[in-house]
Amino acid sequence: MYDELTAGDIKKMEEEIEHRKLVVRPQLLQEVKDTRAHGDLSENFEYHAAKKAKNQNESRIRYLERMIKTARVITDKSAEDEVGINNTVTVEFVDDGSVETYRIVTTVRGNSLENLISNESPLGKALLGKKEGETAHVQVNETLGYDVKLLKLEKTVDEDGDRIRSY
């Protein structure tokens, strides 16, 4: 299965890879060198911690490179008045009347603690293509579902005021 990423997601991942290779990697290599000089490696906690940090950095680089290599690039094909990727939506949960605001993002950027919901989550899928005032049914699993009403839709724009379609 391929991850769906926008061109902006890929750009951010490439920037992180470059930073990790050009800035973080040399720092961690120097740290390993410095701690190695402290003596007996079997009892040198700083050396083992430095090696672990270096290996975690290399793992992250490989992970990001693999994500980019296997990604399927998507764009926001939604109409001006429809929910699409990187749009901010305010929804009302019909059952209890509570109101929440979310931003629809790709899976790699999803973070429910920051109200960033994935376009592949049940709520994200239900909202894509909806217009203000419409109600969407969110099917969580075979037996559990709920309805939400789209109260407000905000299209993401860049600093020039142009609508961002693929980020």
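Residues numbered from 1 in each chain as written. Predicted model: local features only at pLDDT ≥ 70, side-chain atom pairs only at ≥ 80, totals over all residues. Heavy atoms only, no water.

## Considerations on the overall build of the protein chain
Of the regular secondary structure elements, the protein chain holds three helices and seven strands. Its helices and strands taken in sequence order, the protein chain reads β-α-α-β-β-β-β-α-β-β from the N to the C terminus. For the protein chain, the C-alpha radius of gyration of 22 Å lies well beyond 15 Å, the compact-globule estimate for 167 residues. Across its three principal axes, the protein chain shows a C-alpha extent of roughly 70 × 40 × 30 Å. (Helix = DSSP H or I, 4+ residues; strand = E, 2+ residues; numbered from the N terminus. Rg over C-alpha atoms; globule rule 2.2 N^0.38 Å.)

## Section: the sheet that holds strand S7 (residues 145-154)
Spatially, S5-S4-S3-S7-S6 is the arrangement adopted by the five strands of the open sheet, whose pairing is mixed. At either end of the open sheet lies a strand with only one pairing partner, and these are strand S5 (116-118) and strand S6 (135-139). The mean inter-strand angle of the sheet, taken between neighbouring strand axes irrespective of direction, is 45 degrees. Inspection of the sheet shows strand S3 (residues 88-93) paired to strand S4 (residues 99-105) by five bridges, in the antiparallel sense. Paired with Thr-88 across the two strands is Arg-103, which belongs to S4. (Pairing = 2+ DSSP bridges. Axes fitted to C-alpha atoms, helices over the stretch in contact; angles between N-to-C directions.)

## What to know about the pattern of salt bridges
Scanning all chains against the criterion turns up eight salt bridges. Here Arg-60 ties to Glu-16 by a salt bridge, and the two come within 2.9 Å at their closest N and O atoms. Of this pair, Arg-60 sits in helix H2 (residues 45-70) while Glu-16 sits in helix H1 (residues 7-36), and the two are 44 residues apart along the sequence. A residue is classified by how much of its surface remains accessible, and Arg-60, at 31% relative accessible area, is partly exposed. Among the charged side chains, a network of salt bridges with common partners joins Glu-16, Arg-20 and Arg-60. (Salt bridge = Lys/Arg side-chain N within 4 Å of Asp/Glu carboxyl O. Buried < 20%, exposed > 50% of the residue type's maximum accessible area, 1.4 Å probe, protein only.)

## Notes on the nonpolar core
Judged by nonpolar contacts, the single largest core of 15 residues is most densely connected at Val-83, Val-89, Val-91, Tyr-102, Leu-123, Leu-127 and Val-148. Of all the secondary structure elements, the ones that give two or more residues to this core are S3, S4, helix H3 (122-127), S6 and S7. Residues in contact with Val-83, not counting those within four places in the same chain, are Ser-78, Val-89, Ile-104, Leu-127, Leu-128, Gly-129, Lys-130, Leu-150 and Leu-153. Formed by eight residues, the second largest nonpolar core is a distinct cluster that contains Ile-10, Met-13, Ile-17 and Ala-71. (Core = buried A, V, L, I, M, F, W, Y, C linked by side-chain atoms within 4.5 Å. Contact = heavy atoms within 4.5 Å.)

## Comments concerning the confidence of the model for the protein chain
Taken over all residues, the pLDDT of the protein chain has a mean of 86, while the share at 70 or more is 92%. Mean pLDDT per element in the protein chain: strand S1 (residues 4-5) is the minimum at 82, and H2 is the maximum at 94. Here residues 158-167 is modelled with pLDDT under 50, and outside its nearest four sequence neighbours on either side it reaches 28 contacts, counting other chains as well. (pLDDT = per-residue confidence, 0-100.)

## Some points on the side chain of Thr-90
Relative to the helices and strands, Thr-90 is located in strand S3. In terms of polar contacts, Thr-90 uses its side chain to reach the side chain of Thr-101, at 3.2 Å. If we skip the residues at most four places from it in the chain, Thr-90 touches Val-99, Glu-100, Thr-101, Lys-149, Leu-150, Leu-151 and Lys-152. (Polar contact = N/O pair within 3.5 Å; in protein donor to acceptor, adjacent residues only side chain to side chain.)

## Here we look at the packing of H1 against H2
The geometry of H1 relative to H2 is characterised by a closest axis approach of 9 Å and an angle of 160 degrees between their N-to-C directions. Between H1 and H2, the angle falls in the class roughly antiparallel. The hand of the H1/H2 crossing is left-handed. Class assignment of the residues belonging to the contact of H1 with H2 gives a composition of 14 nonpolar, two polar and 13 charged. (Parallel < 35°, antiparallel > 145°, perpendicular 65-115°, else oblique. Left-handed = near helix turned anticlockwise from the far one by under 90°. Nonpolar A, V, L, I, M, F, W, Y, C, P; charged D, E, K, R; others polar.)

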